[in-house]
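Residue-level structure breakdown
Here is what each chain is made of, one letter per residue.
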Amino acid sequence: MPQLAALLRVARRLTFDPVSAEDLVQETMLLAWRGFHSFQTGTNARAWLFRILFNVFHGQGRKAALASRPVPFQDRVAPGLQEAAEIAEALDALSLEQRTVLLLAVVEGFTCQEIAGILDVPIGTVMSRLSRARQELRKNLAPLAKEAHR
Amino acid sequence: MTDDDLDQRVRASILSEEVDTSRVATAVRNQIQTQRRHVRGWAVAAAAVIAMVLAAGLSYRAFRKEVTPPLCVDAAEDHEAEIVKGEPRRWLTDLSAIQALAEQQGVPGSAITALATTGYRLERGRLCSLTKQIFLHLVYTKDGGELSVYLRPRGSESPFDSSVREASVGPEDLAYFRTDRLTAVFVDEQSRAQALAFARAGAKVL
């Protein structure tokens, strides 16, 4: 099933709950299957899937997602990947909007234009959120970097 | 740390996480199969309903055909012989003679002229036998076409009711009804709509 891993990866960082993330992706895939007639051939299928994912996520109630607490990173990363865990923790500390654009741009490789389409926001908003997300991430990672230098 | 360095580290971090998609994939496949079965079930049910409706329609047509009154069958055969094939018969063409003949048979002479007020012109008339009963056979014309009207005083045995009904016997289209005074059958081999329209107009004036 194409894009399932990518959708699940993003969903986990939206919901911070493995079960909710799986439910979100399941709902996304079913909606995509049911609404496949509405997909325009020649357009970006990945972006279309992610757009459905975010629509479902926002439809399910963003407040609940924001109230969620990140699960300890040890539950998500393999032991020994200390830096990966620290970056993941810093990423999870970002606001939902910043985390979202960073994941879509950096991890999933979407362009700002595509992200604007997925999230239904102006491209300028995407660019500013991405810039602030990087700044925030650097700030969050700074203490960890200092510790690493000691 | 440049943006590229940061992006690379973030990407490496997130992509290093294990993502188990098996549960979601199984759940999605199961749901899709369930919905497909559901859709197939509906399709089968819809096909069954359509088949039943078609069967009911065909049965109804067969039923209608079976119950075409014998009088209509005889009228159609008479129209076929006398009008379509033009087999030689003695006809009256004079209106007063036709009206006198009608009166003898208990059909009001005014009925003949009343029918002519509906846009049809009386051409000729004679008596004929349908289901062993004497009927006045009138031929009206309109737009070059000839239509037969069979009239008889209504008896208690009239097989028709007061609403105008349709029937087909071979190439002939028929419309028939009864009024308080008359039993009437209209026959046209060219247009069912015309036979029906003439009969409906006739039902108002007979």
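Summary of the structure given here. As the structure is a computational prediction, the values presented were derived from the model and not from experiment. (Residues numbered from 1 in each chain as written. Chains lettered and ligands numbered in written order. Predicted model: local features only at pLDDT ≥ 70, side-chain atom pairs only at ≥ 80, totals over all residues. Heavy atoms only, no water.)

What follows is about the overall build of chain A. In terms of helices and strands, chain A carries 7 helices and 0 strands. Along chain A, helices and strands appear, N-terminal first, in the series α-α-α-α-α-α-α. For chain A, the share of sequence-separated contacts (at least 6 apart) that also reach a separation of at least 24 residues comes to 64%. Accessible area of chain A: about 7700 Å², with a carbon and sulfur share of 54%. (Helix = DSSP H or I, 4+ residues; strand = E, 2+ residues; numbered from the N terminus. Contact = heavy atoms within 4.5 Å. Areas by Shrake-Rupley, 256 points an atom, 1.4 Å probe, with all protein chains shown as cover.)

The subject of this paragraph is the nonpolar core. Val25(A), Phe50(A), Leu53(A), Phe54(A) and Leu137(A) are the most contacted members of the largest nonpolar core, which has 53 residues in total. It is helix α3 (residues 45-67) of chain A that provides the largest number of residues to this core, a total of 9 residues. What Leu53(A) contacts, discounting residues up to four positions off in sequence, is Leu7(A), Val10(A), Ala11(A), Leu14(A), Leu24(A), Val25(A) and Thr28(A). Counting residues in each nonpolar core, the second largest holds 24 residues, with Tyr140(B), Leu182(B), Phe198(B) and Ala199(B) among its members. (Core = buried A, V, L, I, M, F, W, Y, C linked by side-chain atoms within 4.5 Å. Buried < 20%, exposed > 50% of the residue type's maximum accessible area, 1.4 Å probe, protein only.)

Residues and elements named next belong to chain B. On inspection of all chains with the given rule, the structure shows 6 aromatic pairs over all chains. Between phenylalanine 177 and phenylalanine 186 the ring centres are 5.7 Å apart and the planes differ by 25°, which places this aromatic pair in the stacked class. Taken individually, phenylalanine 177 and phenylalanine 186 each receive the classification buried, so the pair is uniform in this respect. An angle of 80° between the planes, with centres 5.0 Å apart, marks the rings of phenylalanine 186 and phenylalanine 198 as edge-to-face. In this pair, phenylalanine 186 is assigned in strand β6 (residues 182-188) and phenylalanine 198 in helix α6 (residues 192-205), connecting sequence segments 12 residues apart. (Phe/Tyr/Trp six-rings, centres within 6.5 Å; stacked < 30°, edge-to-face > 60°.)

All names here are of chain B. Strand order in the open sheet formed by 6 strands is β1-β2-β3-β6-β5-β4, and the pairing between neighbours is antiparallel. In this open sheet, the two edge strands, each paired with only one partner strand, are β1 (121-130) and β4 (165-169). Across the sheet, the mean angle separating the axes of adjacent strands is 25° when strand polarity is ignored. Sheet analysis places strand β3 (residues 145-153) next to β6, joined by 6 bridges and oriented antiparallel. Counterpart to proline 153 in the pairing with β6 is leucine 182. Sheet contacts for helix α3 (residues 70-84): β1, β2 (133-142), β3, β4, β5 (172-178) and β6; angle to β5, the most-contacted strand, approximately 130°. In the packing of helix α4 (residues 95-104) onto the sheet, the strands contacted are β1 and β2, and the crossing angle to β1 comes to about 30°. (Pairing = 2+ DSSP bridges. Axes fitted to C-alpha atoms, helices over the stretch in contact; angles between N-to-C directions.)

On to the interface of chain A and chain B, then. It is common to give the size of an interface as the accessible area that goes away when the parts come together. Taken residue by residue, the interface counts 29 residues in chain A and 27 residues in chain B. Roughly 2800 Å² is buried in total at the junction of chain A and chain B, and carbon and sulfur atoms are behind 64% of that figure. Where chain A packs against chain B, one counts 6 salt bridges. A salt bridge links Arg134(A) to Asp3(B); its shortest N-O distance comes to 3.9 Å. At the surface where chain A touches chain B, the tally comes to 7 residue pairs in polar contact (both at pLDDT 80 or more). Of all the secondary-structure elements, those providing two or more residues to the side of chain A that touches chain B are α1 (4-15), α2 (18-34), α4 (82-92), α5 (96-107) and α7 (123-149) of chain A. Among the elements that take part in the side of chain A that touches chain B, α2(A) stands out by supplying 7 residues, more than any other. Its residues assigned to classes, the side of chain A that touches chain B shows 19 nonpolar, 1 polar and 9 charged. (Buried area = accessible area lost by both parts, 1.4 Å probe. Salt bridge = Lys/Arg side-chain N within 4 Å of Asp/Glu carboxyl O. Polar contact = N/O pair within 3.5 Å; in protein donor to acceptor, adjacent residues only side chain to side chain. Nonpolar A, V, L, I, M, F, W, Y, C, P; charged D, E, K, R; others polar.)

Here we take up α5(A). All names here are of chain A. Between its first and last C-alpha, α5 extends 15 Å over 12 residues, near the 16 Å set by a 1.5 Å rise per residue. The buried fraction of α5 amounts to 11 of the 12 residues, a majority that puts the element mostly inside the structure. Within α5, burial applies to Leu96, Gln98, Arg99, Thr100, Val101, Leu102, Leu103, Leu104, Ala105, Val106 and Val107. Just past α5, the residue glycine 109 takes up positive phi, approximately 75°. (Expected span 1.5 Å × (residues − 1).)

This part covers the pattern of salt bridges. Inspection of every chain in the model, using the stated rule, returns 18 salt bridges over all chains. Residues Arg13(A) and Asp92(A) are paired through a salt bridge, measuring 2.8 Å at the closest nitrogen-oxygen approach. Here Asp92(A) lies in helix α4 and Arg13(A) lies in helix α1, a separation of 79 residues in the sequence. Residue Asp92(A) is classed as buried on the basis of its relative accessible area of 7%. For the salt bridge of Arg192(B) with Asp173(B), the shortest nitrogen-to-oxygen distance reads 3.6 Å. Taken as a pair, Arg192(B) in helix α6 and Asp173(B) in strand β5 lie far apart in primary sequence, 19 residues in all. With a relative accessible area of 35%, Arg192(B) lands in the partly exposed category. What emerges from the salt-bridge pattern is a single network uniting Arg12(A), Arg13(A), Asp92(A) and Glu17(B).

Take the environment of Leu130(B) next. Residue and element names in this part refer to chain B. Mapping leucine 130 onto the fold places it in strand β1. Residue leucine 130 is classed as buried on the basis of its relative accessible area of 1%. Taking the C-alpha atoms as reference points, leucine 130 and glutamate 77, separated by 53 residues in sequence, lie 9.5 Å from one another. In this structure leucine 130 touches Leu71, Asp74, Ala75, Asp78, Phe135 and Tyr150, once residues within four positions along its chain are discounted.

The next point concerns the pairing of β3(B). Residues and elements named next belong to chain B. In this sheet, β3 lies alongside β2 in antiparallel orientation, the contact comprising 7 bridges. Paired with leucine 138 across the bridge in β3 is valine 149. What sits between the antiparallel neighbours β2 and β3 is a turn of 2 residues, in which aspartate 143 has the positive phi angle 55°.

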